[in-house]
Amino acid sequence: MSPSVGLAFLNVSYGETVLSQLCDNPSYVKTVHGLQLVGPSVILIMPSPTGQNTLSNLIRQFFAETTIHECDKSFWSEPQGQEYVDGMALEDEIPALKVAIEGKYY
């Protein structure tokens with residue numbers, strides 16, 4: 001089964017957000033490559049319960065110079081995320097965005 005990875009890129013300087021979902025393989029090649037293309041200054045990830053998560057280990061390995069923050073699951077909220085979409089997205093894009101992010105609160 002292919003892992004599904006959700007990525008959100010925020011460019012504060014331009015006021016731009018890009019949301020994407022990748023169907024990757026267990027080595028997370030597409031995810032790491034996507035992050036390398038963007039060159040993030042900060043990465044937010046959820047901590048794994050066991051501390052041994054392949055994706056977070058790869059992120060730490062490939063982005064050792066990047067600030068990485070672990071954010072507990074309690075910081076991710078689908079209703080609050082949808083409120084942000086309502087308040088910040090372009091009005092004509094809101095219905096499509098809501099369909100795309102439904103059930104994907106991470």
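Bear in mind the structure is a predicted one, so any value in this text is a computation, not a measurement. (Residues numbered from 1 in each chain as written. Predicted model: local features only at pLDDT ≥ 70, side-chain atom pairs only at ≥ 80, totals over all residues. Heavy atoms only, no water.)

Quick look at the overall build of the chain
Here is the rule: Only DSSP runs of H or I reaching four residues or more are called helices, and only runs of E reaching two or more are called strands; each is numbered from the N terminus. For the radius of gyration, the atoms used are the C-alpha atoms, and the globule rule reads 2.2 Å times the number of residues raised to 0.38. Working definition: with a 1.4 Å probe on protein chains only, accessible area under 20% of the residue-type maximum means buried, over 50% means exposed, and in between means partly exposed. Residue contacts are counted whenever heavy atoms from the two residues lie within 4.5 Å of one another. Only the protein chains shown count as cover for residues, and the accessible areas themselves come from Shrake-Rupley with a 1.4 Å probe. Residues counted as positive are Lys and Arg, residues counted as negative are Asp and Glu, and His and the chain ends are not counted. By convention, charge coordinates are those of NZ in Lys, CZ in Arg, CG in Asp, or CD in Glu.
Helices and strands together make up the secondary structure of the chain, namely 4 helices and 4 strands. Helices (α) and strands (β) of the chain occur, in sequence order from the N terminus, as β-β-α-β-α-β-α-α. For 106 residues, the compact-globule estimate of 2.2 N^0.38 gives 13 Å, and the C-alpha radius of gyration of the chain, at 14 Å, lies within 12% of that figure. Its C-alpha atoms give the chain principal-axis dimensions of roughly 40 × 30 × 25 Å. A burial count over the chain gives 23% of its 106 residues as buried. Within the chain, contacts between residues at least 6 apart in sequence are counted, and of these 50% link residues at least 24 apart. Element-wise, carbon and sulfur atoms account for 56% of the exposed surface of the chain, whose accessible area totals about 7,900 Å². Here the chain contributes 5 positive and 12 negative side-chain charges, whose respective centroids are spaced 9 Å apart.

A look at the nonpolar core
Put simply, the rule is: In this description, a nonpolar core means a group of buried Ala, Val, Leu, Ile, Met, Phe, Trp, Tyr and Cys residues linked to one another through side-chain atoms lying within 4.5 Å.
Among the nonpolar cores identified, the biggest contains 12 residues, and these are Val 5, Leu 7, Phe 9, Tyr 28, Val 32, Leu 35, Ile 43, Ile 45, Leu 55, Leu 58, Ile 59 and Phe 63. Not counting residues up to four positions away in its chain, the partners in contact with Phe 63 are Val 32, Leu 35, Gln 36, Pro 40, Ile 43 and Ile 68.

Some remarks on the pairing of strand β2 (residues 16-23)
How we decide: A strand pair is defined by DSSP finding two or more bridges across the two strands.
Relative to β2, strand β1 (residues 4-11) runs antiparallel, the two sharing 8 bridges. Paired with Leu 7 across the two strands is Ser 20, which belongs to β2. Count of turn residues in the β1/β2 antiparallel hairpin: 4 residues, of which Gly 15 carries a positive phi of about 65°.

So, the packing of helix α3 (residues 78-88) against helix α4 (residues 94-101)
Helix packing geometry: the angle between the two helix axes and the distance between the axes. Selection rule: Structural elements are reduced to axes, namely lines fitted to C-alpha atoms, with helices fitted over the stretch in contact, and the angle between N-to-C directions of any two is expressed from 0 to 180 degrees. With respect to orientation, any angle under 35 degrees is reported as roughly parallel, any angle over 145 as roughly antiparallel, any angle of 65 to 115 as roughly perpendicular, and every other angle as oblique. Rotating anticlockwise by less than a right angle from the far helix to the near helix defines a left-handed crossing, while the corresponding clockwise rotation defines a right-handed one. The nonpolar class holds Ala, Val, Leu, Ile, Met, Phe, Trp, Tyr, Cys and Pro. Asp, Glu, Lys and Arg form the charged class, and all remaining residues, Gly among them, are polar.
Relative to each other, α3 and α4 sit at 160°, their axes nearing to 10 Å. Relative to α4, α3 is oriented roughly antiparallel. In this structure, α3 meets α4 at a crossing whose hand is right-handed. Here Glu 78, Gln 82, Val 85 and Asp 86 of α3 lie close against α4, whose contacting residues are Ile 94, Leu 97, Lys 98 and Ile 101. When the residues that make up the contact of α3 with α4 are grouped by side-chain class, the tally is 4 nonpolar, 1 polar and 3 charged.

Topic: the pattern of salt bridges
Defined as follows: When a carboxyl oxygen of Asp or Glu lies within 4 Å of a side-chain nitrogen of Lys or Arg, that pair is called a salt bridge.
As enumerated under the stated definition, the model contains 2 salt bridges in all. Residues Arg 60 and Glu 70 are paired through a salt bridge, measuring 2.5 Å at the closest nitrogen-oxygen approach. Of the two residues, Arg 60 is situated in helix α2 (residues 54-62) and Glu 70 in strand β4 (residues 67-70); the sequence distance between them amounts to 10 residues. A residue is classified by how much of its surface remains accessible, and Glu 70, at 46% relative accessible area, is partly exposed.

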